[in-house]
Amino acid sequence: MQKNTAYNVIFRDGESMKSNDKAGYLEDDFRLFHLIDRERREFAAHYHDFCKILILISGNINYSVEGRSYVLKPYDIVLVNAGDIHRPVIQDNSAYERIIIYVSKQFLDSYTNENYDINYCFERVGKEHSDVLRVNNMEKSKLYMVCMELEHSFSDHLYANELYQKILFLEFMIQLNRTAIYNQVDYLSSGTADSKLAEILSYINENLTEDITIDHLSSRFYLSRYYLMHYFKEGTGYTIGNYITEKRLMLAKSLVQNGCTVTEACYRSGFKNYSAFSRAFKKAYNTIPRNAQFLD
């Protein structure tokens, strides 16, 4: 098995990123890379605008997703939905080895119809309130065998290899969903979760299009205004305002990709006026909305 190999990717997972940055980019349908860190280091909280699958191979790792924290074991699978704030916390100097797959939400959506939905596994973790799957005998499963074959495909140059990679990736997603559908997994409890932070994040995401103010959150969760702001920044790496803005921008992007006009998406995602939306968009993406290719 290859180590410290990145396939079609030029960045480490969250490395050198500030805590309020979007980590990496994805121009292809999916990417796979295999990383190993032999020394303890700190990762900043970050998010992606694509979905992420992490398979832990080794390491003493706690993994945090949207205020929930999990103690991982080898071969646990972490599913991170687009926009979810997450980070690994390395507990000691043992080697942290993992396989990471990034996949476009649009690509997943393109394989959804009345007969199947390869988004199912990502939707299921939301219903289970758990982001980690513990698969029975994962290292001996067909799912893991397909994953290994997919990884190997990135290092050979055989006939129609790009097509073969796509077929393998789809088979991997099918096996992952079958594993979830037929309950061959345990959904890991977030035993060390910060339940109050998870509540706040859940409330914000469920009411993203409403008028959410710090005073309203302070009153609802019985926290002083100052303590709430400090507590939120400490737990997520984001200010409350920045977090809400980032989530609204991602919602606006999704709305446009599903047929809304830019102006319609602005108001449906919770922005009160177009100028505020445009400023936030330009700050996040370094261009104005009408010039953004992904919004065409």
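What you are looking at is a predicted structure, and each value in this text was computed from that prediction instead of being measured.

Calculation rules
- Residues numbered from 1 in each chain as written.
- Predicted model: local features only at pLDDT ≥ 70, side-chain atom pairs only at ≥ 80, totals over all residues.
- Heavy atoms only, no water.
- 1 Å grid on protein atoms, 1.4 Å probe; cavity = no way out; pocket = protein on both sides within 12 Å on 5 of 7 lines; lining within 4 Å.
- Points joined across faces, edges and corners; volume = space filled by probe spheres on them.
- Helix = DSSP H or I, 4+ residues; strand = E, 2+ residues; numbered from the N terminus.
- Nonpolar A, V, L, I, M, F, W, Y, C, P; charged D, E, K, R; others polar.
- Core = buried A, V, L, I, M, F, W, Y, C linked by side-chain atoms within 4.5 Å.
- Buried < 20%, exposed > 50% of the residue type's maximum accessible area, 1.4 Å probe, protein only.
- Contact = heavy atoms within 4.5 Å.
- Phe/Tyr/Trp six-rings, centres within 6.5 Å; stacked < 30°, edge-to-face > 60°.
- Pairing = 2+ DSSP bridges.
- Axes fitted to C-alpha atoms, helices over the stretch in contact; angles between N-to-C directions.
- Parallel < 35°, antiparallel > 145°, perpendicular 65-115°, else oblique.
- Left-handed = near helix turned anticlockwise from the far one by under 90°.

### Comments concerning empty space enclosed by the protein
Thought 1: The final tally for this structure, using the stated rule, is three cavities of 30 Å³ or more.
Thought 2: Put simply, the largest cavity is a space of about 60 Å³.
Thought 3: Around the largest cavity, the lining residues are Ala45, Ser64, Glu66, Gly67, Ile85, His86, Arg87, Leu197, Leu201, Gly235 and Thr236.
Thought 4: At the level of secondary structure, the elements contributing two or more residues to the lining of the largest cavity comprise strand E7 (86-90), helix H5 (195-206) and helix H7 (225-236).
Thought 5: When the residues that make up the lining of the largest cavity are grouped by side-chain class, the tally is four nonpolar, five polar and two charged.
Thought 6: Roughly 40 Å³ of volume is contained in the second largest cavity.
Thought 7: For the lining of the second largest cavity, the per-class residue count stands at four nonpolar, one polar and two charged.

### A short note on the nonpolar core
One recurring pattern in soluble globular proteins: nonpolar side chains tend to sit buried together.
Thought 1: In terms of nonpolar packing, the biggest core is built from 35 residues, with Ile53, Ile77, Leu79, Phe172, Met173 and Leu176 touching the most fellow members.
Thought 2: Element by element, the count of residues in this core is highest for helix H4 (residues 161-181), at seven residues.
Thought 3: Residues in contact with Leu79, not counting those within four places in the same chain, are Lys52, Ile53, Cys121, Phe122, Val125, Asp131, Leu133 and Leu176.

### Topic: the packing of aromatic side chains
When we look at a pair of aromatic rings, we describe it by the centre distance and by the angle of the planes.
Thought 1: Under the counting rule described, the total for this entry stands at 17 aromatic pairs.
Thought 2: Centre to centre, the rings of Phe30 and Phe154 are 6.4 Å apart; their planes meet at 90 degrees, and the pair counts as edge-to-face. Pair noted here: Phe30 is in strand E2 (residues 30-37) and Phe154 is in the loop between helix H3 (142-153) and H4, with a separation of 124 residues, a long-range link.
Thought 3: With relative accessibility at 8%, the residue Phe30 sits in the buried group.
Thought 4: Phe154 sits in the buried class, given a relative accessible area of 13%.

### Topic: the sheet that holds strand E5 (residues 68-71)
Thought 1: In space, the three strands of this open sheet follow the order E5-E4-E7, with antiparallel pairing throughout. In the strand order of this sheet, the two ends are held by E5 and E7, each with one partner. Strand after strand, the sheet turns through a mean of 20 degrees between neighbouring axes, direction not considered.
Thought 2: As defined by bridge partners, strand E4 (residues 61-65) adjoins E5 across four bridges and the pair is classed as antiparallel. If you follow Ser64 over to E5, its bridge partner there is Ser69.

### What about the packing of H5 against helix H8 (residues 240-257)?
Angle between the axes and distance between the axes: these two values describe a pair of packed helices.
Thought 1: Across the interface, H5 lies against H8 with an axial gap of 11 Å and an inter-helix angle of 40 degrees. In terms of orientation, H5 lies oblique with respect to H8. The two elements H5 and H8 cross, and the hand of that crossing is right-handed. Here Leu201, Ile204 and Asn205 of H5 lie close against H8, whose contacting residues are Tyr243, Ile244 and Lys247.
Thought 2: Class assignment for the residues of the contact of H5 with H8 results in four nonpolar, one polar and one charged.

### Here we look at the environment of Asn119
Thought 1: In this structure, Asn119 sits in the loop between helix H1 (105-109) and helix H2 (120-128).
Thought 2: With relative accessibility at 3%, the residue Asn119 sits in the buried group.
Thought 3: For the pair Asn119 and Asp109, spaced ten residues apart in sequence, the C-alpha separation works out to 6.9 Å.
Thought 4: Not counting chain neighbours up to four residues away, the residues in contact with Asn119 comprise Lys105, Leu108, Asp109, Thr112 and Asn177.

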